[in-house]
Amino acid sequence: MSTKYIFVTGGVTSSLGKGIICASLGKLLEARGLKVTIQKLDPYINVDPGTMNPYEHGEVYVTDDGAETDLDLGHYERFLGVSTSQKNNVTTGRIYFDVIKKEREGKYLGKTVQVIPHITDEIKSRVLELGETGDQDIVIVEVGGTVGDIEGLPYIEAMRQLRYDVGKQNTLSIHLTLVPYLKAAGELKTKPTQHSVKTIYEIGLQPDILVCRAEVPLDLGIRRKIAQFCNVEVEDVIASIDAESIYEVPFMMLDEGLDTQVIKKLGLKCDEKPDLKSWKKFVDAIKNPSKTIKIGLVGKYVEHHDAYISIVEALIHAGAVNECKVSIEWVQSDEVTQENVHKKLGELHGILVAPGFGHRGIEGKIVSVRYAREQNIPFFGICLGMQCAVVEFARNVMGWKDANSTEFDPETPYPVIDVMPDQRDQLETGGTMRLGLYECSLRPKTKAAEAYKESKINERHRHRFELNNELRDEMEKGGLILSGVNPDRNLVEIVEIKEHPWFVGVQFHPELMSKVVKPHALFVQFVKAASKINKKG
Ligand code: GLN
């Protein structure tokens, strides 16, 4: 079977949940035995989201191969259970970057370089390349932005051409749109959808299926009206009603027949029914928890929950395994002080100190670590959270006054977190982060080894600073357990402390690897430890 391409565009407004629809469709097709991958095309000019402010763009999702990508790739991985790579996220910046590089190298042989055909050819080659990689049955291509945006035009044009290039029978166009409910009129309105479909028609792409986001169910009359005015069959009008949990969306799409319409239209040969047994078990578990626990997420971007989306999802996955609902209490790190810490964190079953960059909120994070350590509250420190745990240990257990990370105090007398000597030259040339998958050897009989049940693991990284090897032996003698070390560069990856219900800090980002079908072992153990803590109220 030749690779089939499904293009998913969005109309009317942003934030309709295109990523979740793509991931849900991917899940349904994968559950019928097909090999599926999903690609996100982002119309912005940044080469990747790595340099964007988390308030602006949410979390930066890092892949195995160290690409800094859009957070939708996290949804794809969590739903499909497969790894994505640099190839799964393309931005306008990257396309132009490569086209201009080729032009400078004389690769266009003196031609005038233009949006059509050079930019559109570059876009198409990225889509086709992903299809050819790993023999995919299906590539779902999510086109970011909203139809009608100027910057989205080359992408839609590239999709239009691709339909011709690979054959119409091998492609499908799905358009996600909004059907608003007007309370005053007591009616669902189809006009925005009609206009959106008209706009996409004008640029040459005809939707085969319409997925209609709505707050209330669509009756047959509305479906007929949309079908008639948008040139699709009634069965091709799929309703996507607001869901309580994103993990219910695959079942909603199954009930609406999205996958059956896709299979029919593309002539796919696959299992008659999707196997969703483990998915169902997971959804049942999150819908029927036997208790609720409160986990404090201490971070500096807490007003914008998307900045921590993989952590939030990993906690949901771990909650399902432990039959409990994890309720996240968002704690702004720069508001935590030694005076108010009990008031802010006293009712929590677990404390997670989040990753981050920059000075703001550091002292609040360190106070939070101390509270977790002294009050025996399960603690999980991720990346910067782990670095804060080391600083706290140095200051309050080792008695090293003013110990710090050189990221925040370059003159500290105890630089317990620092840039390692072999990285220092790189720092001047930029592009200095340690990104992607690295190995870590675990020390037996530690919390980490207990959780993973393995002696070697691989985890994804995104950081610059490290636990300082020059001060490490002394801290180890002082009681800091170094339970995970990268064997190639001898870098500390995991720290723990003794005589505490669960206190683990990791230099990597375990949240990026948690999947619905395979929740992350450290999150599972953290939530388990938290669920054993008794709190009043
Ligand atoms: N700012 C820290 C570093 O660069 C931590 C980064 C992070 O939490 N992702 O090492």
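Look up a bit, the structure's there.
Residues numbered from 1 in each chain as written. Predicted model: local features only at pLDDT ≥ 70, side-chain atom pairs only at ≥ 80, totals over all residues. Heavy atoms only, no water.

(A) Spotlight on the site of the ligand. Every residue close to the ligand is listed here: Pro 355, Gly 356, Phe 357, Cys 383, Leu 384, Gln 387, Glu 407, Arg 462, His 463, Arg 464, Phe 465 and His 509. Between the ligand and the protein, one listed contact pairs an oxygen atom with a backbone N or O atom of Leu 384 at 3.0 Å. Residue Glu 407 places a side-chain N or O atom 2.7 Å away from a nitrogen atom belonging to the ligand. Elements with a contribution of two residues or more to the shell around the ligand: helix H15 (384-396) and strand S19 (456-463). Residues of the shell around the ligand, tallied by class, amount to five nonpolar, four polar and three charged. (Near = heavy atom within 4 Å. Polar contact = N/O pair within 3.5 Å; in protein donor to acceptor, adjacent residues only side chain to side chain. Helix = DSSP H or I, 4+ residues; strand = E, 2+ residues; numbered from the N terminus. Nonpolar A, V, L, I, M, F, W, Y, C, P; charged D, E, K, R; others polar.)

(B) Representation of the nonpolar core within the structure. Ranked by size, the top nonpolar core spans 44 residues in total, and within it Ile 6, Leu 29, Ile 140, Ile 174, Leu 258 and Val 262 carry the most contacts. The leading source of residues in this core is helix H1 (residues 18-30), at seven residues. Leave out the neighbours within four places in its chain, and Ile 140 touches Ile 6, Val 8, Cys 22, Leu 25, Gly 26, Val 36, Thr 37, Ile 38 and Gln 39. By size, the runner-up hydrophobic cluster in this structure holds 40 residues, among which are Val 341, Leu 345, Cys 388 and Phe 503. (Core = buried A, V, L, I, M, F, W, Y, C linked by side-chain atoms within 4.5 Å. Buried < 20%, exposed > 50% of the residue type's maximum accessible area, 1.4 Å probe, protein only. Contact = heavy atoms within 4.5 Å.)

(C) Representation of the sheet that holds strand S16 (residues 404-405) within the structure. Pairing is mixed in the open sheet, where three strands are placed in the order S16-S17-S20. Since the sheet does not close on itself, it has two edges, and those belong to S16 and strand S20 (466-467), each with one partner. Note: S16 against strand S17 (residues 415-418), two bridges, orientation parallel. Residue pairing in the sheet places Asn 404 in a bridge with Pro 415 of S17. (Pairing = 2+ DSSP bridges.)

(D) Spatial organisation of helix H7 (residues 191-202). With 12 residues, H7 ought to run about 16 Å at 1.5 Å a step, and its terminal C-alpha atoms sit 16 Å apart, in line with that. Listing the buried residues of H7 in full gives Thr 193, Gln 194, Ser 196, Val 197 and Ile 200. Along the axis of H7, the buried positions cluster into a sector of 165°, meaning they face one direction only. Along H7, the residues that are exposed and aim more than 90 degrees away from the buried face are Lys 191 and Glu 202. The inward-facing, buried residues of H7 abut strand S1 (4-10), helix H6 (153-166), strand S7 (171-178), strand S10 (209-214) and helix H8 (220-230). Trailing H7 by a residue or two, Gly 204 shows a phi angle of about 100°, which is positive. (Expected span 1.5 Å × (residues − 1). Arc of directions from axis to C-beta.)

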